[in-house]
Every structure is written in structure tokens, then in C-alpha cells.
Amino acid sequence: GAGVSQSPSNKVTEKGKDVELRCDPISGHTALYWYRQRLGQGLEFLIYFQGNSAPDKSGLPSDRFSAERTGESVSTLTIQRTQQEDSAVYLCASSLARAGGGDTQYFGPGTRLTVL
Amino acid sequence: LAKTTQPISMDSYEGQEVNITCSHNNIATNDYITWYQQFPSQGPRFIIQGYKTKVTNEVASLFIPADRKSSTLSLPRVSLSDTAVYYCLVRPGGYNKLIFGAGTRLAVHP
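Counting from 1, residues in each chain are numbered in the order their sequence is written. All chains are assigned letters beginning with A, and all ligands numbers beginning with 1, in the order in which they are written. pLDDT decides what is reported in this predicted model: residues at 70 or higher carry local features, side-chain atom pairs at 80 or more are listed and counted, and totals for whole chains, interfaces and linings draw on all residues regardless. For the side-chain quantities, the full set of heavy atoms in the structure was used; hydrogens and water were omitted.

Enquirer: Would you take a moment to explain the overall build of chain A for this structure?
Expert: By definition, any uninterrupted DSSP run of H or I lasting at least four residues is a helix, any uninterrupted run of E lasting at least two residues is a strand, and each is numbered from the N terminus. Secondary structure summary: chain A contains zero helices and 10 strands in total. Going from the N terminus to the C terminus, chain A shows its helices and strands as β-β-β-β-β-β-β-β-β-β. A buried classification covers 48% of the 116 residues belonging to chain A. Whether two residues are in contact is decided by their heavy atoms, any of which lying within 4.5 Å being enough. Long-range contacts, defined as pairs at least 24 residues apart, comprise 56% of the intrachain contacts of chain A with a sequence gap of at least 6. Every accessible area reported is derived by Shrake-Rupley at a probe size of 1.4 Å, with residue values counting cover from the shown protein chains alone. When the accessible surface of chain A is summed, it comes to about 5,500 Å², and 45% of that surface belongs to carbon and sulfur atoms. Each residue is assigned to one of three classes by its accessible area relative to the maximum for its type, calculated with a 1.4 Å probe on protein chains only: buried under 20%, partly exposed between the two thresholds, exposed over 50%.

This is how it looks when you write it as C-alpha cells:
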């Protein structure tokens, strides 16, 4: 596609429910990243996939958070037993995973998650 | 990873040049300096990246002094549509996670 797409654009859920957020990266991009952005703040890194390598999960805030990626395409971020502090915009980005300084991440529009 | 420091907010007027300076005293030899722009309700958008001296593209210029401990993003003749948050990031070359700070909120006034 033309850019990174994410769905849904908005998600309202009740505390304790599970949610799944989807990201479709730019075709051909081997690297995929998830970030979280709380209101008025910068982005926090969550997880990163690159090809067949083990994902970098160093940013996941708790074991309630998990993510999967199917080959080099779609990724799903799952939050189990949601809490109110999980309310944020979840952003996905993809890149060509170039070595050197030329790798640029392209971001999707994000999914706004509200936990009541 | 090197920490960055940039002003929390800036104000400007249409047609003016805006310069946003970012400090990164602990930048490493293989680190690149990257700037992103973010509009409300959108994901960040890559603006420009550099390693040393000056880089210019159709959107902005990036000035990096010889010691690389700071960098300045220059936006020529801003318009109202340049109102956004601008993030300065320092990252190693190659693909990797990005570490965002709070950014600089630029408000352009008529």
C-alpha cells in the first residue's frame, strides 16, 4: 500500500478486556516497530520485528502486552486485561532496515485506545 | 543512547525562519541526528537526518557543528501549517528503535 495503515483508528474498551490492534506495514519493509504515545508526551518504544530474527521486546511494559508478526507483513499488538493506564495512542512504523544512516521509519496514523 | 535536550515550545509568525536547537552532549561516533515532525492525531513524519556539517532538503536544513554536541533544525519561511511538535533524535546508524523525547511544540501565528 501507499503507507502504513492501522486499525481500528479508535478503540474504546472496558477495564479488564483484551484488545487487538493491527498494523499493515509498507510493502517490502522488513522492519516493523510499535510505539505508545500518551497524551502530550513523546513516543515510547514497545517492540521491534526485523525479518526472521527474534523480536526486540525490551520496551513492553508488562506481560499483558504481546505482539506477533506474520512473515514480513501484518502485525498484531495484543493487550490483555486492559488497565486505564493503557489508554494512549499506539503507533506502528515500518522501514526498509537499511544499514548505515539511511534507514527511515514511516509511521501509521495510530490507534487511539481508551480504557474506561 | 544519547539523551537530547530541546526547548519545550517556540512561537513564530508566518514567513519567518525558525531555528530549533537540540543538545546531545553524549552523542557517539556512529550516531546520526534525525528530526521528526508530528501533527495532532497523526504519526510522526521524518523531516531530515544528518551526521555532520549541513544537510538540506526541500523541507528544512540541518546544521551540525564540528563537535556534533548540538544540532539546529532550520525551517525557512514558516506557514501556519508548520505548527506541530518537532522531535530531535540521536540514534546509531542502521535500523533500530527510536527514542523520542518530549519534543518542541512550535506554534506559528498569522
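Enquirer: Sorry, what's going on with the interface of chain B and chain A here?
Expert: For interface size, the figure often reported is the accessible area lost on association. The partner chain A presents 27 residues to the 21 residues of chain B that form the contact. When two parts are brought into contact, each loses some accessible area as probed by a 1.4 Å sphere; the total of that loss over both is the buried area. Of the roughly 1,700 Å² buried between chain B and chain A on both sides combined, carbon and sulfur atoms contribute 52%. Counting the surface chain B buries against chain A, the share from its top three residues, B:Tyr95, B:Lys97 and B:Phe100, is 33%. Salt bridge, as used here: a side-chain nitrogen of Lys or Arg that lies within 4 Å of a carboxyl oxygen of Asp or Glu. At the boundary of chain B and chain A, one finds one salt bridge.

Enquirer: Can you walk me through the sheet that holds strand 6 (residues 65-69) of chain A in this structure?
Expert: Strand pairs in the sheet, formed through backbone hydrogen bonds, run parallel or antiparallel to each other. Residue and element names in this part refer to chain A. Note on pairing: DSSP must find at least two bridges between two strands before they are called paired. Sheet architecture is open: four strands sit in the order 1-3-7-6, paired in antiparallel fashion. Each of the sheet's edge strands pairs with one partner strand only, and the pair in question is strand 1 (5-7) and strand 6. Strand-to-strand twist of the sheet, defined as the mean angle between neighbouring strand axes without regard to direction, takes the value 15°. Taken together, the five bridges between strand 6 and strand 7 (residues 75-79) define a ladder with antiparallel strand orientation. Bridge pairing in strand 7 links Ser 66 to Thr 78. The axes are straight lines fitted to the C-alpha atoms, using for helices just the contacting stretch, and the angles between their N-to-C directions are given from 0 to 180°.

Enquirer: What is the right way to look at the packing of aromatic side chains in this model?
Expert: Each aromatic ring pair is summarised here by two numbers: the centre-to-centre distance and the angle between the ring planes. The criterion for an aromatic pair is that two Phe, Tyr or Trp rings (for Trp, the six-membered ring) have centres within 6.5 Å, with stacked assigned to planes under 30 degrees apart, edge-to-face to planes over 60 apart and tilted to the rest. Applying the stated criterion across every chain yields a total of 11 aromatic pairs over all chains. Arranged with centres 6.0 Å apart and planes meeting at 85°, the rings of A:Tyr35 and B:Phe100 form a pair that is edge-to-face. With one member in each of two chains, A:Tyr35 in strand 4 (residues 31-37) and B:Phe100 in the loop between strand 8 (84-92) and strand 9 (104-109) form a pair that bridges those chains. Members of the aromatic cluster, connected to one another through ring pairs, are A:Tyr33, A:Tyr35, A:Phe45, A:Tyr48, A:Phe107, B:Tyr36, B:Phe46, B:Tyr87 and B:Phe100. The criterion is that NZ of a Lys, or CZ of an Arg, lies within 6 Å of the ring centre and within 35 degrees of the ring normal, and then a charge sits over that ring. Its end group placed over the ring of B:Tyr51, B:Arg68 keeps NZ or CZ at 4.0 Å from the ring centre.

Enquirer: Mind showing me how you'd approach the pattern of salt bridges here?
Expert: Side-chain pairs of opposite charge can arise whenever the charged atoms involved come near each other. Residue and element names in this part refer to chain A. Evaluation of the coordinates by the stated rule reveals five salt bridges over all chains. For the salt bridge of Asp 86 with Arg 64, the shortest nitrogen-to-oxygen distance reads 2.8 Å. With Asp 86 in the loop between strand 7 and strand 8 (88-95) and Arg 64 in the loop between strand 5 (43-50) and strand 6, the pair connects residues that are 22 residues apart, well separated along the chain. Looking at Asp 86, the relative accessible area reads 2%, which means it is buried. Residue classification places Arg 64 among the buried residues on the basis of a relative accessible area of 11%. Because the salt bridges share partners, they merge into one network encompassing Arg 36, Arg 38 and Glu 44.

Enquirer: So what exactly am I meant to see when it comes to the sheet that holds strand 7 (residues 70-75) of chain B here?
Expert: Residue and element names in this part refer to chain B. Across the sheet, which stays open at both edges, the four strands sit in the order 2-7-6-5 with antiparallel pairing between neighbours. The sheet is open, and its two edges are formed by strand 2 (18-23) and strand 5 (53-56), each paired on a single side. For this sheet, the mean inter-axis angle between neighbouring strands, taken without regard to orientation, is 15°. Pairing of strand 5 with strand 6 (residues 61-64) involves four bridges; the strand directions are antiparallel. In the strand pairing of strand 6, Val 55 is matched with Leu 62.

Enquirer: Got a minute to help me understand the pairing of strand 4 of chain A in this structure?
Expert: Residue and element names in this part refer to chain A. Counting buried residues in strand 4 gives seven out of seven residues, a clear majority hidden from the surface. In strand 4, alternate side chains face the same way, and those of Ala 31, Tyr 33, Tyr 35 and Gln 37 on one face and Leu 32, Trp 34 and Arg 36 on the other are all buried. Two strands pair when backbone bridges link them, and strand 4 and strand 5 are joined in this way by seven bridges, in the antiparallel orientation. By the bridge assignment for strand 5, Gln 37 is matched with Leu 43. Where strand 4 folds back onto strand 5 in an antiparallel hairpin, the turn is made up of five residues, including Gly 40, whose phi is positive at roughly 75°. In terms of strand pairing, strand 4 meets strand 8 through seven bridges, oriented antiparallel. Among the inter-strand pairings, Tyr 33 is bridged to a residue of strand 8, identified as Ala 93.

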